[in-house]
Every structure is written in C-alpha cells, then in structure tokens.
Amino acid sequence: MRRLRVLLTAVLLAGGLAAVPASATPAAVPESATPAATPAAVPESATPAAGLAAVPESAAWAAVGYEAEYAAIGQGSVESDHSGFTGTGFVNYANAAGSYVEFTVTAEDQATLPLAFRFANGTTADRPMDITVNGVLVAAKLSFPGNGSWTGWQTRTVDVALQQGGNTVRATATTANGGPNLDSLTVGQPAATTDWSVAMVESTMARYSPTTIGGWSYPVGLYLYGQYLTYQRTHDPRLLSYIKNYVDRFVSSDGTIGQSFNNLDSMQAGRLLTILHHETGQDRYRIAAKKIRDRLETYPRTSDGGFWHATSDSRAHQLWADGVYMVNPFLVEYGKEFNDAAYANNEAAKQLSVYGRHLQVTNGLLKHAFDESRTASWSDPGTGLAPEHWCRAVGWYSMAIVNVLDAIPSSHPRRAELLTILQKLAAGLEHYQDPNTGRWFQVIDKGDRSDNWTETSCSSMFTYALSRGAQQGYIDAHYNDVAQRGYQGVLAKISLGSDGRTNLTDISIGTNVGDYAYYVARTRATNDFHGLGAFLIMNEQLRAR
C-alpha cells in the first residue's frame, strides 16, 4: 500500500458564518448516547458501489484523520454543544445551499483512496452534499441521512483519486437545509475491524470452561446457540467441541438426561441436542431430545391450548411471552431433524397464535404475561394481563415468531395470522425505538421516564427479528433501516477491555413478571448470558448485510 502523507491547511474564512438554530437540538434522554471507544464491526456487504459506501461510524481507517474545525469553512461555525465529537468541536453548516467545508490534503503519490466524512444529522431529512476534489465533482448529492440524533455520529465514504502533491476536498451543501454537522475527514485504506462474534466467543470460552459455564439452563443454552451460529460461519472446531463438552455433562451415553422438563425454560437448551445430533449423528442426542417432545404430550395447557409457563402452583395457568422462545424454535428444529415436522410445525404455530391473541394489544406490543385464572397478583382482573411491556419478553416472542415462520410451509393455515402478528409488532417496535440511541427501553413504551433505560439484550433481539423479517419478506423492506439503527445502537454497548476481552453492558438480569418500578430497578449487568446470546444471534444476522 502506498503511504500517504496528509497535511491539513487550517484556514478559517472570515465572514459569512451562521449557526443552525438551536431548536434543531433533540430533547435529552436518560441514557448517554456517547459512542463506545472501541471500534465496532463493519458489515461485510459495505463494499463501495460505484465508489460510494455507508459504513458504521466506528469503523477504523489505517491512515490519517483530521478535524473539520481546522478546515476552511464557508458559511458555518465551529461548535461543541453535542457530545461524541472528536477533537475540539465540529462544523455546524449554515442553513444554506452552497455552504461548505474544504480540506487541503497533500499526497506523496497519486492514489485512489477512501475519504470518510464523520457527521451527525439530528433531523429526519437527508442533507445531501456535493463532494469535489480539486474542483472536479466526484460525488453528486451524496446522501448524509438523518437518524434523529445530533450525537448519533455516522460515517459516509467515497473513493476518490488524489493527485501527487496538493489536493482540495470540498463538501458543499446542496439544499436550503445546509449540510450535517461535520466532525472530521479521514483519508486512507480501511483497517481490519473487530469480528465481534469471534471476539465474544473467544472471550467467553476464556472466562469459562464447559464445566464452569453453568448448569442446564436457558441463558447458557441461548449463548451456546449463538456460539453455534458463529461456528457455522467460521468452522472453528473448538467452538463445536465446547458445546458438545457442555451438553455431555448432562446427557449420558445412552441418552439419559436428568431433567423433568416441568417448565418451558428448561426446554430451550434442547436446541443444542438437535444441533449435536445433526453434527455428530450420535443417537443419544435424539433420545434426549425426544424426552422434551414426549413431555409436551402431557404438559399442562390453558383452555385454548397454550403451554403453561411452568407446572408449579406459582406459574399455573400462565402464559409468559418468554415461553414461546423456550420451546418453539426447538420444536420446529426437532421436527426437521427427526422427521416429525407435521406435529412440530402445527404445535409451534398454534402456540404463537394462542400467545399472540392473548398478549398483543392495540399498540402492536405484547404484555409480559397472561393469567387465565386471574389469580396472580400482577394480573388484571378483567383481562388477565400483566401491566407492562417488558422488553426482553417481547424480544423472545419476536425471535420465536421469525424462527417459526422460517420453518413452516407457505401453505400453513396459521401462516397469515402469524404474519399479521409480526407486522403489527414490527410497527410498534419502530414507533417506540429510541431515536437517540437506536435501542429499546427496558419498559418499551415508557421511554420518556427519567429512570427508564435502554436494554441491550432486547435491543439485539428486536434488531435480529426486524432484519430477518425484512430479509424474508415477512415485513416491509424499510424495517431494514430500523434494524440497522438498532444494530449500531447495540454495537455502542460492546467494547474490548484492558485484558483484550469483550464487555457487553446494560443487560437486564433474569426477570419475573412485575410492575414498572420492578423492571427499571433490575440490575444492569455486564456479560450476562441473556445479552451475549442475543448479541451473537443479531450479529451473525447483520454483520454481512
């Protein structure tokens, strides 16, 4: 690679400076939207098309970066009232077509290199700009899209040919709204970025062995399913061996498994049994998985056929949104692996239908739980519903319905109903997505309360479900954009520690059904398996999109 020496000529043009009205500043939110200090993964599909590409703002460039506040400014001002900028400030373009920022770059050799403009656009409207190099237009009306946040920094990139010696790079607003807030320009070749799935799996395997990671449980099962998705891409045999060594603690050579399966939570890790049968062909995993399948024949149900969350007195007659993920993805995968799809697909679709009809309300979201007996302390005496939309409960349902739609045939009689449920849910999620962070709140519909906070595991779940749903055509294609905002929001919560291991923050610990105060007071954990598993599922879906 040619080495490039970049020099910045810092000239501020006198006069003609105007500030964007302060009214453009968004309202404050409870949680800081300051970007994570560690670079986030760049989607592999972000290959420049005709020289243009949009990439996550945290992608690193192995080259020289410099600050817009020292460039030549035509109609604009240097400000520092929005957090997350680099250097000492950013350029606030005047609300005028023709306002510009101009950089001077000196190249030792002729080269074609990417120019990465770091910007924020807190409106909902695009603020396109013409990019010229040495007076020649190289990108006409290059999009600088709004994301509703003046602290939600993004990067827009264009590949350009630089001549040997001095080059002028100008970004000129093309509409009366002016340009976005411009923070910096970086010139150079893209550096290698962190593969967050691999980094997370390596970190977790370093922290825990298959014998110390925990017992047979759904949080560990969720995480290890995400590890398996990473294995499917990387084909690193250590990842599959780790999963097998964990499962073999609980499954004997003859297929005996010491679980009674008297609650749905205990069934989630059954996905690992079907995976290991598929990968190894060993019959013991079929025998163990069949114990879950057989348990469903006598498992208690509501009057309309919904599986109780558990058989204990404290969970009798109750449907929790969490439960649909604990059993139904396992069920459809079991049916495919062991030629039992007719039953498995029908049962899974029925469960999502029953739960959806009870839990989904007019705003598209689902309440956390329903009690048919109306005896639980949290249940509404009229509807039987829990009082709140707890985010991870809705997240479990969102992933489960996409998984089941992926499995059942297009002719399935319940398919249309499930699509309607998902489409209403997607609209609700879009409505309540936090515009400042791209994430979702612990209590989804109460983001305006100062003690509420954006939660990482559910944000990962929603991001996955919206991306996969749009990819499969279950929901409108514009939900890809909603998912991308969620993805960037979650990536802001992962970083590498001083030990080189990943840390994923703001994950709610395990949660029962409760009221608003109960949910927002839940511990905000780091590296909780609920979050790690959801992150891996999300990242394997979106990293290449």
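Residues numbered from 1 in each chain as written. Predicted model: local features only at pLDDT ≥ 70, side-chain atom pairs only at ≥ 80, totals over all residues. Heavy atoms only, no water.

**A short note on unusual backbone geometry**
For residues that are not glycine, phi is negative in most cases, and the peptide bond is trans in most cases. In this structure, Gln 75 takes a positive phi of about 65° despite not being glycine. Positionally, Gln 75 belongs in the loop between β3 (72-74) and β4 (76-79). Classification of Gln 75 as partly exposed rests on a relative accessible area of 33%. Positive phi values are uncommon outside glycine, yet Asn 339 reaches one of about 55°. Of note, Asn 339 is situated in the loop between α6 (323-337) and α7 (341-359). According to the relative accessible area criterion, Asn 339 is exposed, its value standing at 75%. (Helix = DSSP H or I, 4+ residues; strand = E, 2+ residues; numbered from the N terminus. Buried < 20%, exposed > 50% of the residue type's maximum accessible area, 1.4 Å probe, protein only.)

**Focus: the packing of helix α2 (residues 218-234) against helix α13 (residues 529-542)**
Orientation of α2 relative to α13, taken along the N-to-C sense of each, is 25°, at an axis distance of 8 Å. What the angle tells us is that α2 and α13 run roughly parallel. Remark: the crossing between α2 and α13 carries left-handed chirality. Of the residues in α13, those touching α2 at Tyr 218, Pro 219, Val 220, Leu 222, Tyr 223, Tyr 225, Gly 226, Gln 227, Leu 229, Thr 230 and Arg 233 are Phe 529, His 530, Leu 532, Gly 533, Ala 534, Leu 536, Ile 537 and Glu 540. Here the residues of the contact of α2 with α13 sort into 12 nonpolar, five polar and two charged. (Axes fitted to C-alpha atoms, helices over the stretch in contact; angles between N-to-C directions. Parallel < 35°, antiparallel > 145°, perpendicular 65-115°, else oblique. Left-handed = near helix turned anticlockwise from the far one by under 90°. Contact = heavy atoms within 4.5 Å. Nonpolar A, V, L, I, M, F, W, Y, C, P; charged D, E, K, R; others polar.)

**Structural notes on the environment of Gly 428**
By secondary structure assignment, the location of Gly 428 is in helix α9 (residues 415-432). By relative accessible area, which is 3% here, Gly 428 ends up buried. In this structure the C-alpha to C-alpha distance between Gly 428 and Leu 365, which are 63 residues apart in sequence, comes to 5.8 Å. The contact partners of Gly 428, leaving out residues within four places of it in the chain, are Asn 363 and Leu 365.

**Some remarks on the sheet that holds β3**
An order of β3-β6-β11-β8-β9 is seen for the five strands of this open sheet, with the pairing classed as antiparallel. Of all the strands in the sheet, just β3 and β9 (136-142) have a single pairing partner and so form its edges. Recorded for the sheet is a direction-independent mean angle of 20° between the axes of neighbouring strands. Pairing analysis gives five bridges linking strand β8 (residues 129-133) to strand β11 (residues 165-173), with the strands arranged antiparallel. Across the sheet, residue Thr 132 finds its bridge partner in β11, namely Arg 170. (Pairing = 2+ DSSP bridges.)

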